[in-house]
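Working through the structure, step by step
Spelled out from the first residue to the last, the chains are:
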Amino acid sequence: MAMLVLSGCRKDLGPEPEEGQPVPAETLNRVSGFFLLNEGNMNMNKAALDYFDYGTGTYHSDVFSKGNPGSSGLGDVGNDVAVYGSKVYVVVNVSNKIEVLDARTYKRLRQINLDNCRYITFSGGKAYVTAYLGVVGDPDAPQGSVSEIDTASLSITRRVTVGRQPEELAVVGGRLFVANSGGYSAPNYERTLSVIDLGTFRETKRIDVGINLHRVRADAYGDLYVSSRGDYYDIPPKLYVIDTGADRVKTSFDLAISDLDISADTAYICGTAFNYQTGKNVISYTMLDLRTERPLQRSFITDGMDQPGRITMPYGIAVNPENKDILLTDAKDYVSPGTLHCFGSNGKLKWSVTTGDIPAHIAFLKKTQ
Amino acid sequence: MTDRKPVFSKILLFSMSFATLMAGRSFAQSDSVQRFRQLEEVQIRERLVPELRRSVVPVQVLSGLQLSRMHSLSVADAVRFFSGVQLKDYGGIGGLKTVNVRSMGTNHVGVFYDGVQLGNMQNGQVDLGRFSLDNMELISLYNGQKPGLLLPARAYASASAIYMESRRPVFEGRLARRYRVALKGGSYGFVNPSLSIEQKLGRRISARINSEFLNANGRYGFRSRIGTTDTSAVRQNTDIWSVRNEADIFGPNDSLAAWHLKFYQYSSERGLPRAIVSNRFEARQRQWDDNLFVQGKYRRQIGRRFAWSFSGKYSHDRLRYLDPEITTDAGFLNNLFRSDELYASLSSQYEITGFWEIGLSGDYQLNDMRANLYRFPYPSRQTLLAAAVSRLQLKNFLVEANLLSTVVDEDVQYYLQANDFRKLTPSVSFNWQAVSEVPIHLRGFYKEIFRMPSFNDLYYTFSGNSFLRPEYAKQINLGLTSANNLGSGVLRTLDAQADVYYNKVTDKIVAVPGQNLFRWAMINLDEVEIRGLDATLRMAGQAGSKLDFTLLFGYTFQKAIETTPGAAPGQQILYIPKHSGTFTASADYGAAGLSYSFVYTGERYAQKANIRSNYLQPWYTHDLSLHYRAQSGRRLLSVNLEVNNMLNQQYDVVKNFPMPGRNYRLGLSWQFDHAKRETHGL
């Protein structure tokens, strides 16, 4: 009983310690730092936004909580982060909201509610956000939607219905391309990109690509790189290249895509495929030359960190637009804090830091902003 | 809140008529109540003392009056008071409640109702929140396994076991029928009427039917820390209704023969409340359950040395899950699961000499499952269990050993089936009273056992992995036990037990990420080592002629560390506190009684890493209840008033699933007996 009484009281943990993790500082001309969004596990309310400051060489964890004391947190399952102008936009899936923060102070400017929101992109002063269902609670409405948000007023201005469970989206030449997945109705997946005219905000056509689409990234040549997750059983994952001039598939690669980032003429890809026979994940790191549309023979990791076991679950990838450093996250077992690795453009590990749970999405903050 | 009014006004009406009934009656009759109660307790104690003393494994028992006083609605609430048990509770009356014994995980706990195991092949877990205490006479927890022979082979096939026993009708004299009508009501729109009729059918045969209805809106207020702010809200989608019907026929129950037939039916509909997270409190998911089983047991002694017994069961379970937040191309996500179990067990016991007995048991079990899921393989599993047991009982030394053989044959209609499996697992246990004059017994056991992957582990679309192997648990336990009747002083009985143990769980079945977050997969991965101490102390006595009291202390220490290669060292596994404990005090004065209980769970972590962001505060609740039993002739009236979580502590057992604060319950029950009519002409 004495032990119970002694250890019985609830401790006040106090505020989180302020000091971040030190990393070698670096002076860059255009980039001041980057945000990293940790998704956090469902029901844990543990989405967390970290910020790395190149000038001071400090990795700050959970800056949302520090910038917004007394808030209910960033929320449950962060799904996307982007910087546009002087603001950072965080899409929080299960919490049904987009948090718009001041990129310098991390203070909340506006919380925009949007059920089941997934990914965000920007064009001409507007943000475009996909949502799995256009209407939640209508049994006859399995379609998803894209909402347009005015980045000045921070309110939803227009909405368009697209395919079922849309994921990523990208703007090329005044048109918005949205990946439809159909993930709620396996095996009846969607296999198209919805094309939306940004002027009328109407879906003008659908481009047949492959089942269960996910990532959509544009290169400098008017091509879209679109990933298909396959059906996890018989149909393998693929990466498709779409020519937006002809609105059709140009070529494809047999690649599992966890995440990819396009920087100049190169796509950096990390992928994980689960092998049913061995019960193990097969990890791959790939670079594509976007001019020739062929895989490069070298890897962006050259120091052996790509050997099995060194990185458990590569999950998010981003390339620093200035020094071409490659940032690669390891989500490990998804239920423990992850790691962010920074590789130099020579493929050698420069530094690593501990992140929150499921480090996933990275957005750079430019100095001029 | 308006829908609570009718319930309370009904209760008020009842209590008023009760008060009128009680007024003017002489106090003398409370003596008879007390005598009746003491008799009951003495009978149960006579049965329990040898078991508590001579058990080769740790056993904890809650019985009779103690159970009825326990601020408990369901079996789940009662098992909180056992040492070494962590209850996983998602909150509210309808919330899933499962137990984890000595940190080995819920799937390693066997739950037996009237001697036959309750199965759940779908996920391997039994929701103890669904078993009402209304009907229970005894709940016991055995670490390792229930000792003894003439048990089904299943009894040896789990790492720990909870036994629930329903009350047997007892008719004295010419009594032929007993009615019991009860009504409970309380906070959150809770109303729970029940009816039980016991009928004497023959000299040694009786029957009982028992029906119960439960309804609650479950809308409790809570204050929860979300992020860095405290939020107050009302729990949503926590409504439940359920109906339970049981019918039993009890045959004789003595050393020569015994039999018992049981029918059980349960139906319910409930909302599934979600985790409270930033910007999201509401939930719309719903679940419907239908469970039905019939079971029978028969035992017979043939000659002086040989006995055999048979038990059998058929059960059918149906579960429907509706998620209106997911719209598929065929409407809302609507999953239907159906499963069946057919079970038969034969066991025998033979006494070789006065001190040496051996036994053999064989069980056959057939399980199948159907579901309207994409790529569902329609699995069925046949399990053949055989157990050989030997028990050597010398004057001060008892040793029991058994060997269990498991053969599992798995079949699927589509896709990949799991591997067939066979395994031999041993267990050995002893109890030794070193010094005859000192009433302290040393006991210990070693047991190897495993749990088979559930159908969900193996076959659930997108996460199931049919290559799974069973998950193993090894247990070593050493302890002291003492159960004493001290005579007629203030302190009349003193039971104490303390055990230290080491468990190792290997090939633990866990979910790991596959291709992406949508594609988790079950694999055999983790290893956990658990070192622990369980201690309980129970004291009961009498002060003066009218005051009876009972004190119960329980303490649990557990160091449960993940030892998977590559895991961070020294991390306590999720949701297991290092320290936890309970304290219960109850006192009866004449017909009235008061009971207080305290449950403490120390600090825990909600995920693997023992870091600040996963930290969960300790929680401790104080519950108080008042009861009054009045007997007049063949009528017994009892009233029970409970205040639970008196200090209104806000806490989560499972992170972001807030538990109810202070809440009230009032229970009334009226029991009356019918004597058999005198037959004319006699």
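Before going into details, it helps to say that this report is about the structure given with it. Remember, predicted model here, so these are calculated numbers, not experimental data. (Residues numbered from 1 in each chain as written. Chains lettered and ligands numbered in written order. Predicted model: local features only at pLDDT ≥ 70, side-chain atom pairs only at ≥ 80, totals over all residues. Heavy atoms only, no water.)

Structural notes on the environment of valine 528 of chain B
Residues and elements named next belong to chain B. Definition in use: Helix and strand labels come from DSSP, where a helix needs a run of H or I of at least four residues and a strand needs a run of E of at least two; each type is numbered from the N terminus. Residue contacts follow a heavy-atom distance rule, with two residues in contact if any of their heavy atoms lie within 4.5 Å.
Secondary-structure assignment places valine 528 in strand S25 (residues 520-543). Taking the C-alpha atoms as reference points, valine 528 and threonine 506, separated by 22 residues in sequence, lie 6.7 Å from one another. Excluding residues within four positions of it along the chain, valine 528 makes contact with Asn503, Lys504, Val505, Lys508, Ala560, Ile561, Glu562, Thr563 and Ile573.

Topic: the state of the cysteines
All names here are of chain A. Convention followed: Our working definition of a disulfide is a cysteine sulfur pair at a distance within 2.5 Å. Relative accessibility thresholds used throughout: buried, under 20% of the residue-type maximum; exposed, over 50%; partly exposed, between the two (1.4 Å probe, protein chains only).
Inspection of the entire model under this criterion finds zero disulfides over all chains. Cysteine cysteine 342 is unpaired, with the sulfur of cysteine 270 as its nearest cysteine sulfur at 15 Å. For cysteine 342, a relative accessible area of 0% corresponds to the buried category.

A short note on the interface of chain A and chain B
The following threshold applies: Once two parts are put together, the accessible area they lose, assessed with a 1.4 Å probe and summed over both, is termed the buried area. Just to be clear on terms, a salt bridge is a Lys or Arg side-chain nitrogen sitting within 4 Å of an Asp or Glu carboxyl oxygen. Charged means Asp, Glu, Lys or Arg here, nonpolar means Ala, Val, Leu, Ile, Met, Phe, Trp, Tyr, Cys or Pro, and polar covers whatever is left, Gly included.
Tallying the contact residues gives 77 residues for chain A and 65 residues for chain B. Summing both sides of the interface, chain A and chain B together bury roughly 5700 Å²; the carbon and sulfur share of this comes to 54%. If you look at where chain A meets chain B, you find three salt bridges. With three residues, strand S22 (residues 266-275) of chain A is the largest single contributor of residues to the side of chain A that touches chain B. In terms of residue class, the side of chain A that touches chain B is made up of 33 nonpolar, 27 polar and 17 charged.

Digging into the packing of aromatic side chains
The relative placement of two aromatic rings is captured by the distance of their centres and the angle of their planes. Spelled out, the test is: Aromatic pairs are defined between Phe, Tyr and Trp rings, using the six-membered ring for Trp, whenever the two ring centres lie within 6.5 Å; interplanar angles under 30 degrees are classed as stacked, those over 60 as edge-to-face, and all others as tilted. By definition, being over a ring means that NZ of Lys or CZ of Arg is both within 6 Å of the ring centre and within 35 degrees of the ring normal.
Using the criterion set out here, one finds 41 aromatic pairs over all chains in the structure. Relative to tyrosine 415 of chain B, the ring of tyrosine 414 of chain B has its centre 6.3 Å away and its plane inclined at 55°; by these criteria the two rings are tilted. Among the residues examined, tyrosine 414 of chain B registers a relative accessible area of 43% and is labelled partly exposed. Taking relative accessible area as the criterion, tyrosine 415 of chain B reaches 48% and is therefore assigned partly exposed. Among the aromatic residues, those joined into a cluster by ring pairs are Phe34, Phe52, Tyr54, Trp351 and Phe364 of chain A. Above the plane of the ring of tyrosine 501 of chain B lies arginine 102 of chain B, whose end atom (NZ or CZ) is 3.8 Å from the centre. Its end group placed over the ring of tyrosine 233 of chain A, arginine 375 of chain B keeps NZ or CZ at 3.7 Å from the ring centre.

Considerations on unusual backbone geometry
Following alanine 186 of chain A, the chain continues into proline 187 of chain A via a peptide bond in cis, with omega recorded as 5°. Examined against the element boundaries, proline 187 of chain A turns out to sit in the loop between strand S14 (175-180) and strand S15 (192-197). A positive phi angle is found at aspartate 114 of chain B, which is not glycine, with a value near 50°. In this structure aspartate 114 of chain B comes out as buried when scored by relative accessible area, which is 6%. In this structure, tyrosine 378 of chain B takes a positive phi of about 50° despite not being glycine. Relative to the helices and strands, tyrosine 378 of chain B is located in the loop between strand S18 (356-371) and strand S19 (379-393). For tyrosine 378 of chain B, a relative accessible area of 28% puts it in the partly exposed group.

A short note on the sheet that holds strand S7 (residues 97-102) of chain A
Residues and elements named next belong to chain A. The test is simple: We call two strands paired when DSSP finds no fewer than two bridges between them. Every axis in this analysis is a line fitted to C-alpha atoms, fitted for helices over the stretch in contact. Angles between the N-to-C directions lie between 0 and 180 degrees.
Read from one edge to the other, the open sheet built from four strands follows the order S5-S6-S7-S8, with strand pairing classed as antiparallel. In the strand order of this sheet, the two ends are held by strand S5 (78-84) and strand S8 (108-113), each with one partner. Taking the axes of each pair of neighbouring strands and ignoring which way they run, one obtains an average angle of 15° across the sheet. Two strands pair when backbone bridges link them, and S7 and S8 are joined in this way by five bridges, in the antiparallel orientation. Bridging across to S8, lysine 97 finds its partner in asparagine 113.

Considerations on a nonpolar patch on the surface
Residue and element names in this part refer to chain B. Selection criterion: A patch consists of residues whose relative accessible area exceeds 30% and which take part in no salt bridge; residues with like charges are grouped when within 9 Å of each other, and nonpolar side chains (Val, Leu, Ile, Met, Phe, Trp, Tyr) when within 5 Å. Working definition of accessibility: Shrake-Rupley area with a 1.4 Å probe, residue cover restricted to the visible protein chains.
Taken together, Ile302, Phe306, Tyr350, Phe355, Trp356, Ile358, Leu394, Phe397 and Trp432 make up a surface patch of nonpolar side chains, about 780 Å² in accessible area. Relative to the helices and strands, phenylalanine 306 is located in strand S16 (residues 306-328). Among the residues examined, phenylalanine 306 registers a relative accessible area of 30% and is labelled partly exposed.

Some points on the environment of threonine 550 of chain B
Locating threonine 550 of chain B in the fold gives a position in strand S26 (residues 547-562). When the C-alpha positions of threonine 550 of chain B and aspartate 317 of chain B are compared, they lie 40 Å apart, and in sequence the two are 233 residues distant.

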